[in-house]
Amino acid sequence: LKMSWFWFYLPLHLLVMACLCHSIKAPTTSSQQSFKTDLFNFYHSLILADGKETTIHLLKDIPKRYYFVLEESRALAPFTVTVTPCDVPIEWSILVHKASASFLGKAALGDHDTQAVSKSQKAPSMVSTIFNYKGNSVETYMGMSSHSALYMLEFLSTERDTHITVYLTTDTTSGHLYPELPMDPRIDVIGIGHTTVTLTWKHSPSVLQHRENIQYCLLVNEKHNYKSLCAAETAIRSSGMKLPPTLALSLSPYLLEPQQVMILSNSELSIINKASSGEVRQICMGTKNTYTVPNLSPSTQYYFDVFVVNLLTNASAAYTGTFARTLEEPEPKVTELKDGKVIQIVLDGKKQKFYSLRYQARHKKIQFTFQLCRGQVRVHITKNGKTVASENISGLRYFSLKGKLLDTYLVQLRSTEESNSSVKVQVSSHFHKPLFPLLPESLKIKSFSKLRTCNSVTIAWLGTQEESKYCVYKKRIEEHQVWMELQSADRCSGPESRHKSEKVLCKYFYDINLQRAVTTETIKGLDAGTLYLFDVYLFGPSGIPIRYHSKVVKTRKKC
């Protein structure tokens, strides 16, 4: 069966009269206006192409008609029509006009007389509706024709302007434009986590036959499932986002809009569209039929649609969509703080989660002490649910707070870096017994370039008004080790973590006048042209050390 182009050789008005026979009766005087309207519509209709997907734009409440002719070439010849709504539900139907060969013959002879045409309506002919549908699902009509016939497809959108795609084929032996779905086209949810959902689906027969030209694309959103790929694209565009021409070609390098983020990893391409209405994520994963969707929000319902896409034709078929709700985020574990006790906490920088501490006051005045050991840490303190302090800390930080007996304080800590951070925490009501030593204005170590020699360096650091013990340590390092040594230094660790050979000296000093509370030390016995890392530890009455910021100094090569 093939498309017939014989009407191009007919006088157009005769064919119009033939295709508009919606009943056996000829048009009467009272129906002339309706007949003229149908005539006008035909002139503004199109012939539907065979073997090609056609995009049709519909205006609200205005029907649109397309025609195709099936010419008798063999008994019971098949044909299929597939209609894909890309937005709102539509109404569509297929009408067929069957005429006798003698009628078509008369038309071919060019009998243009209107009266003759009118009489020809009495010839054996019939117009009938063979299929109609209303909805927004992808629908396919499979028909068999044993007679030459003129077919009309009529489409109507009653909600708003929209567009659809239509595919007609009379060749059922040369493969499929649309990828095939398996007998069971459902998507199965096989795993649910707090931030992940694992999906699996049965392979499309098209993947097994044409693996290099077929791929699966997954659409994730928080609103609803989509019955076709073009419906999904239309919805995303209407929300103010712009898409690449089709998900089928997502592996091509597109210039993304500012509200789009492209992620390519492990041969998977994701495009995340961000809008005020939510996030729509598209992932194309080749021919894998199991996928774990990452980076979801806890306690959120998501809708998942899988499309099998023909990369050569851009045509796609939709699996039956599913949905799942991620698990609720577990309540953060809360650690009880005890008065005067020091705890050290390691914070995971990748997860960016808060670590919670709780303390119930036994006195009206209390003091929180935080010593940053590594990284960067954000501290948030609430009293009975109200925020009393919130800031990023560095070095040693005190928070002195006033309240009532039995007030409940909640301390939340998190790393502000991707790498892990560490911090020591203490809460105490005994201000007269400080755990940490009195600190100088600065914990920097200074070196004197003019006093450097080939085998010695001179360093200086600030002290306090309180007599304290200071210990100096040195370590020989290489150029490539400098950055790592400075970044990975644990500022809470004491000399017990150092090798005995690294110890240089310990000394006590103080000065009532802070302007003169400075000490210097010349470290001798060094190698020429060599890098050294110097550390100073300050010990208070409690014996807990405070580490100054490390200093790297290089001795002179020649003297």
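A brief report on the enclosed structure follows. Computed from a prediction, not measured in an experiment: that's the story for all the values here. (Residues numbered from 1 in each chain as written. Predicted model: local features only at pLDDT ≥ 70, side-chain atom pairs only at ≥ 80, totals over all residues. Heavy atoms only, no water.)

## With respect to the environment of Ile343
The residue Ile343 is located in strand β21 (residues 342–347) in this model. Taking C-alpha positions, Ile343 is 9.9 Å from Phe370, a pair spaced 27 residues apart along the chain. Apart from residues lying up to four places away in sequence, Ile343 is in contact with Leu337, Leu357, Val423, Lys424 and Val425. (Helix = DSSP H or I, 4+ residues; strand = E, 2+ residues; numbered from the N terminus. Contact = heavy atoms within 4.5 Å.)

## Brief notes about the sheet that holds strand β2 (residues 52–58)
Taken together, the 4 strands give an open sheet; going across it, the order is β2-β9-β4-β7, and neighbouring strands pair in antiparallel fashion. Each having just a single partner strand, β2 and β7 (139–145) make up the two edges of the open sheet. Geometrically, the sheet is characterised by an average inter-axis angle of 20 degrees between neighbouring strands, direction not taken into account. The sheet contact formed by strand β4 (residues 77–85) and β7 spans 7 bridges and is antiparallel. Along β7, the bridge assignment pairs Ala77 with Ser145. (Pairing = 2+ DSSP bridges. Axes fitted to C-alpha atoms, helices over the stretch in contact; angles between N-to-C directions.)

## Focus: the sheet that holds strand β24 (residues 377–383)
One open sheet accounts for 5 strands, arranged β20-β22-β27-β24-β25; its pairing is mixed. Edge positions in the sheet fall to β20 (334–336) and β25 (386–393), since each of these pairs with one other strand and no more. Direction aside, neighbouring strands of the sheet carry axes that sit 20 degrees apart on average. Pairing between β24 and β25: 7 bridges, direction antiparallel. In the strand pairing of β25, Val379 is matched with Glu391.

## Concerning the state of the cysteines
Throughout the structure, instances matching the rule amount to 5 disulfides. Here the cysteine-cysteine linkages of the protein are recorded as 1-3, 2-4, 5-8, 6-10, 7-9, numbering only bonded cysteines and doing so in sequence order. (Disulfide = S-S within 2.5 Å.)

## Topic: the pattern of salt bridges
The final tally for this structure, using the stated rule, is 15 salt bridges. Residue Glu91 is joined to Lys134 by a salt bridge in which the shortest nitrogen-to-oxygen separation is 3.8 Å. One end of the pair, Glu91, is in strand β5 (residues 90–99); the other, Lys134, is in strand β6 (residues 125–135), and 43 residues separate them in sequence. Glu91 gets classed as partly exposed once you look at its relative accessible area, which sits at 28%. When its relative accessible area of 59% is taken as the criterion, Lys134 is described as exposed. Between Arg476 and Asp527 there is a salt bridge, with its nearest N and O atoms 2.5 Å apart. Pair noted here: Arg476 is in strand β31 (residues 468–477) and Asp527 is in the loop between β33 (518–523) and β34 (531–539), with a separation of 51 residues, a long-range link. One network of salt bridges, with partners in common, ties together Arg498, Glu502, Asp535 and Arg547. (Salt bridge = Lys/Arg side-chain N within 4 Å of Asp/Glu carboxyl O. Buried < 20%, exposed > 50% of the residue type's maximum accessible area, 1.4 Å probe, protein only.)

## Brief notes about the pairing of strand β8 (residues 149–156)
In the case of a regular strand, side chains alternate between the two sheet surfaces. Along β8, 6 of the 8 residues are buried, which leaves the element largely enclosed by surrounding structure. Alignment of strand β3 (residues 64–70) against β8, held across 7 bridges, turns out to be antiparallel. The partner of Leu70 across the bridge, within β8, is Ala149.

## Focus on the environment of Glu485
With respect to the element layout, Glu485 can be found in helix α7 (residues 482–488). Placed 65 residues apart in sequence, Glu485 and Ser550 show a C-alpha to C-alpha distance of 8.9 Å. Not counting residues within four places of it along the chain, the set of residues in contact with Glu485 comprises Lys475, Ile477 and Leu533.

## Some thoughts on the side chain of Arg547
Note that Arg547 resides in strand β35 (residues 545–547). Judged by its relative accessible area of 10%, Arg547 falls in the buried class. Here Asp535 takes part through its side chain, which lies 3.1 Å from a polar atom of the side chain of Arg547. When near neighbours in sequence (up to four residues on either side) are disregarded, Arg547 contacts Leu443, Ala489, Asp490, Arg491, Ser493, Arg498, Asp535, Val536 and Tyr537. (Polar contact = N/O pair within 3.5 Å; in protein donor to acceptor, adjacent residues only side chain to side chain.)

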